[in-house]
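Overview (structure and organization)
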Amino acid sequence: SSEFTDVSEYELPLDTKWEFPRERLVLGDRLGEGVFGLVVKAQAFGIFKDNNSVTVAVKMLKEGSTDREMIDLIREMEMMKLIGKHRNIINLLGCCTQRGPLYVIVEFAPHGNLRDYLKSHRLVACSFTCVSEYERPTVALVPNNSGTSVAETNEQKALTPKDLISFAYQVALGMEYLASRQCIHRDLAARNVLVAEEYVLKIADFGLTRNLQQSDYYKKTTDGRWMAPEALFDGKYTSKNDVWSYGVLLWEIFTLGENPYPSVPVTDLFDHLRSGHRMKKPYYSTPEMYDIMLSCWQEDPNNRPDFNSLVQELDKILMSSV
Ligand code: ADE
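These lines cover the structure that appears in this document, whether it is placed above or below. Small disclaimer: the values here were computed from a predicted structure and weren't measured.

Below, the discussion takes up unusual backbone geometry. Of note, the phi angle at glutamine 182 is positive, near 65°, even though the residue is not glycine. Within the secondary structure layout, glutamine 182 lies in the loop between α3 (161-180) and β6 (193-195). For glutamate 198, which is not a glycine, the phi torsion comes out positive at approximately 60°. By the element assignment, glutamate 198 lies in the loop between β6 and β7 (201-203). Classification of glutamate 198 as exposed rests on a relative accessible area of 60%.

Set out below in structure tokens:
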């Protein structure tokens, strides 16, 4: 199709471990525009052992893309191969590198991104009684169905406090894995976490090359409101920057997808944070969860927890939650 860039001028090495025959891929609707490319829903016939068709997501370049963008997509694919599989990340399933445009085939997440998901499921079981300086988002109240988790049913059920903690835990698990593979995400936010079958959360776009020199490319995705001050202003990147962003992501979860620092212009953010300001406790957050957010927002990166200890702590909280 002329809609998709023909990159046959490039010759890519064949990697038989990952190559998938492009005749067995039927491209469908556009799922979104990525940073530099396009993500399309597709059916992949026989990508797993049986011959059934599996819904997948396919990353590709847009028409008129540059060599740089081609290199970045190849890098992303190679990065995904190196990182390996984990339940809480969007896994690579295969690729089409021969005789046609480059297609990077990844897992499809049917429920879209976590931010939109939270916003469209703003029903929280009434048993939830948290006092906060934030107002409760205006949502319809539903009869108390405590004990029923969204994960247990197909109908749209109210999110329970436990669901929100499970979301926090799953993202921490995925990040613990990525950090163990020396991968720094650099743009961890609810918009970059996808909701798969059975409400399994999967971190997306962890393989992107985010090169600070390419500021035009970089600016398109990264929002300073998720970035640790030292990353925003000194370009110092470690997993501890991701921990800061994880704190902002927790805040997004427990506000059900609100916008962080709504009243602070991004240009004032540094001074705002330096003078010790932090976001208030979200309505749906317990004091315990808010303490975790504050620990992630420690000014000194060394004082922030790592993802291993966040996983341990959230595991305990999840086990003791009703
Ligand atoms: N949008 C972007 N990537 C996606 C994916 N893997 N699944 C569903 N929607 C997406």
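Enumeration according to the criterion identifies 12 salt bridges in this entry. In this structure, lysine 59 and glutamate 76 form a salt bridge, with 2.6 Å as the shortest nitrogen-oxygen distance. Placement of the pair is lysine 59 in strand β3 (residues 53-61) and glutamate 76 in helix α1 (residues 67-83), with a sequence separation of 17 residues. Residue lysine 59 is classed as buried on the basis of its relative accessible area of 14%. Under the relative-accessibility criterion, glutamate 76 is labelled buried at 3%. Bridged by salt links that share partners, the residues Asp15, Glu78 and Lys81 form one connected network.

Right, let's get into the nonpolar core. Judged by nonpolar contacts, the single largest core of 79 residues is most densely connected at Leu114 and Tyr246. Tallying contributions element by element places α3 first for this core, with 10 residues. Those residues in contact with leucine 114 that lie beyond four places of it in its chain are Phe167, Ala190, Val193, Val195, Leu201, Leu249 and Ile253.

So, on to the sheet that holds strand β5 (residues 103-107). The five strands lie next to each other as β1-β2-β3-β5-β4, forming an open sheet whose pairing is antiparallel. This sheet does not close on itself; its edge strands, each paired only once, are β1 (25-33) and β4 (92-96). Averaged over all pairs of adjacent strands, the angle between their axes in this sheet comes to 30°, without regard to strand direction. Bridge analysis of β3 against β5 gives four bridges, and the strand direction is antiparallel. Bridging from a neighbouring strand, alanine 57 pairs with valine 106 of β5. Running at roughly 140° to β3, α1 makes contact with β3, β4 and β5 of the sheet.

To continue, consider helix α6 (residues 239-254). Taking 1.5 Å of rise per residue, the 16 residues of α6 would be expected to cover 22 Å, and the 23 Å separating its terminal C-alpha atoms lies within 8% of that figure. Counting buried positions along α6 yields 14 of 16 residues, so the element is predominantly enclosed. With a side-chain oxygen positioned 3.0 Å from the backbone nitrogen of lysine 240, the residue opening α6 is threonine 238. Immediately downstream of α6, the backbone of leucine 256 shows phi near 60°, a positive value.

Further remarks concern the site of the ligand. Taken together, Leu31, Val39, Ala57, Ile90, Glu107, Phe108, Ala109 and Leu194 make up all the residues around the ligand. Interatomic distance of 2.9 Å between a backbone N/O atom of glutamate 107 and a nitrogen atom of the ligand. Alanine 109 is positioned with one of its backbone polar atoms (N or O) 2.9 Å from a nitrogen atom of the ligand. For the ligand, the accessible surface in isolation is 260 Å², of which the surrounding protein chains cover 82%. For the shell around the ligand, the per-class residue count stands at seven nonpolar, no polar and one charged.

Conventions we followed
- Residues numbered from 1 in each chain as written.
- Predicted model: local features only at pLDDT ≥ 70, side-chain atom pairs only at ≥ 80, totals over all residues.
- Heavy atoms only, no water.
- Helix = DSSP H or I, 4+ residues; strand = E, 2+ residues; numbered from the N terminus.
- Buried < 20%, exposed > 50% of the residue type's maximum accessible area, 1.4 Å probe, protein only.
- Salt bridge = Lys/Arg side-chain N within 4 Å of Asp/Glu carboxyl O.
- Core = buried A, V, L, I, M, F, W, Y, C linked by side-chain atoms within 4.5 Å.
- Contact = heavy atoms within 4.5 Å.
- Pairing = 2+ DSSP bridges.
- Axes fitted to C-alpha atoms, helices over the stretch in contact; angles between N-to-C directions.
- Expected span 1.5 Å × (residues − 1).
- Polar contact = N/O pair within 3.5 Å; in protein donor to acceptor, adjacent residues only side chain to side chain.
- Near = heavy atom within 4 Å.
- Areas by Shrake-Rupley, 256 points an atom, 1.4 Å probe, with all protein chains shown as cover.
- Nonpolar A, V, L, I, M, F, W, Y, C, P; charged D, E, K, R; others polar.

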